[in-house]
Amino acid sequence: DQISELKEGQKEIRLEMDRRFERVDKRFEQVDKRFEQVDKRFDQVNVKLDQIMERIDVKIDTGLQEGRMLTVKLFSFAMVFSAISMAGFLAKREMGGKWGTDHD
């Protein structure tokens, strides 16, 4: 009867091992589902980061364009101001330095 007890003990051990393997399998399935959720969340975060980077790029490009336009305007103003100053200087020199001085 020792042999039948051993066989019965083996059956119980096998059943217990099967139950534990089933629990481990279920746990792995849960972990897999969680990893899928995490992967989806990372994808969502990547999409949002891409959108933010795109908006930043657009703002930087807009700022650079505005900066270039302002530089051109300032340069144009400086050139016109220089030309007017030079014209005034030359006119004063041609008038003998008396232009704008009516003190006689």
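Scroll up to find the structure this text is about.
Note that the coordinates shown come from a computational prediction; the quantities given were computed from them, not determined experimentally.

(A) Structural view of the overall build of the protein chain. Within the protein chain, the regular secondary structure consists of 1 helix and 0 strands. With the C-alpha coordinates of the protein chain rotated into their principal frame, the extents come out at 145 × 15 × 15 Å. For the protein chain, buried positions account for 0% of its 104 residues. In the form shown here, the protein chain has an accessible surface area of approximately 10400 Å², with 60% of it arising from carbon and sulfur atoms.

(B) A look at helix H1 (residues 2–94). Taking 1.5 Å as the rise per residue, H1 with 93 residues should run 138 Å; its terminal C-alpha atoms sit 134 Å apart, in good agreement. Looking one or two residues beyond H1, the residue adopting positive phi is Gly96, at roughly 80°.

(C) View of the environment of Glu5. Mapped onto the secondary structure, Glu5 falls in helix H1. Among the residues examined, Glu5 registers a relative accessible area of 57% and is labelled exposed. Remark: the alpha-carbon pair of Glu5 and Glu36, spanning 31 residues in sequence, is separated by 46 Å.

Procedures and definitions
Residue numbers run consecutively from 1 along every chain, following the written order of its sequence. The model is predicted, so local features are restricted to residues of pLDDT at least 70 and side-chain atom pairs to those at 80 or more, both for listing and for counting; the totals for chains, interfaces and linings are taken over all residues. No hydrogens and no water enter the side-chain calculation; it runs on all heavy atoms of the structure. Numbering of helices and strands starts at the N terminus; helices are DSSP runs of H or I of at least 4 residues and strands are runs of E of at least 2. In this scheme, a residue with accessible area under 20% of its type's maximum is buried, one over 50% is exposed, and one in between is partly exposed, where area comes from a 1.4 Å probe on protein chains only. Exposure was quantified through the Shrake-Rupley algorithm and a 1.4 Å probe, taking into account, for residues, occlusion by the shown protein chains and nothing else. One less than the number of residues in a helix, times 1.5 Å, gives the span that helix is expected to have.

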